[in-house]
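# Results of the structural survey
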Amino acid sequence: MQVFESADTWAANFGGGPAKNWAMIPTMGALHQGHLSLIDAAQKKGYQTVVSIFVNPLQFNNSADLEKYPRHLDNDLKLLAGVGVDAVWTPNIETIYPENFKEITLDLGILDQIFEGFHRPGHFNGVVQVLNQLFSAIQPEAVFFGQKDLQQCLVVERLLQAYFPQIHYFRIPTLRAESGLALSSRNERLTSQGKETAAEIYSAMMMISNNLSTYATVQKSEIERLQTLGFEIEYLDWVSLPSMEMASFQAHKGGFTGRLGETAIVFAGSLEGVRLIDNLLIPSV
Ligand code: PAF
């Protein structure tokens with residue numbers, strides 16, 4: 001496994017052009033099985049894999065959150081070597097944001113004003129800027145992202161359409177612990193009791209998705225239940241995809257085509273001071 005810090009090392013291998021048959025998995029480190037499932041998906045499709053590890057300050061609107069973000073480079077590298085990753089890029093801040101760095105513009109519509117966009121102002125712009133720098137330097141043939149960050153996936157889709165239409169994009173389903181808790185780098189900041197309680201996010205989303213005809217009532221009672229368990233809730237809503245506008249049973253059941261389009265239950269909230277997000281896709285029927 002080749003570990004490199006300078007983008008020039010990579011460019012030297014590919015003459016500064018596209019890295020054919022390479023898939024990139026951008027990460028902020030603190031890797032877990034969820035990240036490894038993205039690598040596995042890329043390998044199964046026959047790609048060579050390059051993982052980037054860079055904690056991007058531009059996407060944190062809260063400096064305490066940035067400081068507390070877990071960093072375990074040695075352990076990350078061991079994990080990556082163990083699953084046969086081909087290359088790891090660990091750029092420093094000057095490489096990603098050099099003095100002459102210029103932001104790109106991307107119209108995210110309402111995506112950067114609702115849900116994560118609303119609760120973390122500037123977050124998606126930070127994600128867009130770093131991904132533009134990462135993709136431009138590596139020029140991968142494909143990129144793999146986790147569905148756990150569903151709204152981020154929608155933002156990435158827009159970035160790719162606008163700036164990198166040649167890159168193949170894959171959204172990989174969320175990996176969960178047996179309890180239902182979605183794997184996340186942030187889980188390590190929860191106590192073991194906290195991890196057990198956090199699994200109730202999944203139960204709440206399941207409860208809502210199984211009772212969409214009485215959505216408003218069930219949503220309210222699930223929010224109250226989670227609050228009683230100690231959660232501070234930011235949102236627990238049912239949305240249409242890809243717009244993330246509020247969904248409603250009537251709108252989807254009837255619909256022009258008579259089909260129920262793809263929707264999702266989306267959640268964000270804090271437990272033990274740790275902010276957690278999750279979602280559950282409800283496929284078209
Ligand atoms: O999902 C993440 O870990 C980050 O938002 C990403 C995509 C690596 C950009 O910094």
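Quick note: structure is the one above.
What this report covers is the structure whose coordinates are included nearby. (Residues numbered from 1 in each chain as written. Predicted model: local features only at pLDDT ≥ 70, side-chain atom pairs only at ≥ 80, totals over all residues. Heavy atoms only, no water.)

## Let's talk about the site of the ligand
Close to the ligand lie Pro26, Thr27, Met28, Asn56, Gln59, Val130, Phe145, Asp149 and Gln152. The contact in question runs from an oxygen atom of the ligand to an N or O atom on the side chain of glutamine 59, over 2.6 Å. Contact distances for the ligand include 2.7 Å between an oxygen atom and a side-chain N or O atom of glutamine 152. Starting from 280 Å² of accessible surface for the ligand in isolation, the protein chains cover 90%. Most atoms of the ligand, that is more than half of them, are within 2 Å of grid points of the largest cavity. The residue makeup of the shell around the ligand, split by class, is four nonpolar, four polar and one charged. (Near = heavy atom within 4 Å. Polar contact = N/O pair within 3.5 Å; in protein donor to acceptor, adjacent residues only side chain to side chain. Areas by Shrake-Rupley, 256 points an atom, 1.4 Å probe, with all protein chains shown as cover. 1 Å grid on protein atoms, 1.4 Å probe; cavity = no way out; pocket = protein on both sides within 12 Å on 5 of 7 lines; lining within 4 Å. Sits in = over half its atoms within 2 Å of the grid points. Nonpolar A, V, L, I, M, F, W, Y, C, P; charged D, E, K, R; others polar.)

## Quick look at the pairing of strand E8 (residues 263-271)
When you tally the buried positions in E8, you get nine out of nine residues, the bulk of the element. Alternating residues of E8 divide into Thr263, Ile265, Phe267, Gly269 and Leu271 and Ala264, Val266, Ala268 and Ser270, and every residue in both groups is buried. Pairing between strand E7 (residues 232-240) and E8: eight bridges, direction antiparallel. Paired with aspartate 237 across the two strands is valine 266, which belongs to E8. Summarising the sheet, E8 and strand E9 (residues 274-282) pair through nine bridges and their orientation is antiparallel. (Buried < 20%, exposed > 50% of the residue type's maximum accessible area, 1.4 Å probe, protein only. Helix = DSSP H or I, 4+ residues; strand = E, 2+ residues; numbered from the N terminus. Pairing = 2+ DSSP bridges.)

## Overview of empty space enclosed by the protein
Across all of its chains, the model carries two cavities of 30 Å³ or more by this definition. A volume near 860 Å³ is recorded for the largest cavity. Taken together, 48 residues make up the lining of the largest cavity; nearest its centre are His35, Tyr69, Lys148, Asp149 and Gln152. Secondary structure elements with two or more residues in the lining of the largest cavity: strand E2 (19-27), helix H2 (33-44), helix H7 (123-138), strand E5 (140-146), helix H8 (150-163), E8 and E9. Considering each element in turn, the lining of the largest cavity owes the most residues, six residues, to H7. Residues belonging to the lining of the largest cavity are distributed by class as follows: 24 nonpolar, 17 polar and seven charged. (Points joined across faces, edges and corners; volume = space filled by probe spheres on them.)

## Here's the deal with the pattern of salt bridges
A side chain with one charge can pair with a side chain of the opposite charge if their charged atoms come near. Evaluated as defined, the whole model comprises 10 salt bridges. When the shortest N-O distance is used, the salt bridge between aspartate 65 and arginine 120 registers 3.9 Å. Of this pair, aspartate 65 sits in helix H3 (residues 63-68) while arginine 120 sits in the loop between helix H6 (116-119) and H7, and the two are 55 residues apart along the sequence. Relative accessible area serves as the criterion here: at 12%, aspartate 65 is assigned to the buried category. Of the charged contacts in the structure, one is a salt bridge between glutamate 224 and lysine 220, with a shortest N-O distance of 3.3 Å. In this pair, glutamate 224 and lysine 220 both sit in helix H11 (residues 215-228), four residues apart, roughly one turn of the helix. Since its relative accessible area comes to 39%, glutamate 224 is described here as partly exposed. (Salt bridge = Lys/Arg side-chain N within 4 Å of Asp/Glu carboxyl O.)

## Details of the packing of aromatic side chains
A complete count under the given rule lists 17 aromatic pairs for this structure. Centre to centre, the rings of phenylalanine 144 and phenylalanine 170 are 4.5 Å apart; their planes meet at 15°, and the pair counts as stacked. In this pair, phenylalanine 144 sits in strand E5 while phenylalanine 170 sits in strand E6 (residues 168-172), placing the two residues 26 residues apart along the sequence. Among the aromatic residues, ring-to-ring pairing joins Phe4, Trp10, Phe14, Trp22 and Trp89 into one connected group. (Phe/Tyr/Trp six-rings, centres within 6.5 Å; stacked < 30°, edge-to-face > 60°.)

## Focus: the packing of H7 against H8
With their axes 10 Å apart at the nearest point, H7 and H8 run at an angle of 50° to one another. Here H7 is positioned oblique relative to H8, judged by the angle of their axes. Here the hand of the crossing between H7 and H8 comes out right-handed. In this structure, H7 contributes Phe124, Val127, Val128, Leu131, Asn132 and Phe135 to the contact, and H8 contributes Gln151, Gln152, Val155, Val156, Leu159 and Leu160. (Axes fitted to C-alpha atoms, helices over the stretch in contact; angles between N-to-C directions. Parallel < 35°, antiparallel > 145°, perpendicular 65-115°, else oblique. Left-handed = near helix turned anticlockwise from the far one by under 90°. Contact = heavy atoms within 4.5 Å.)

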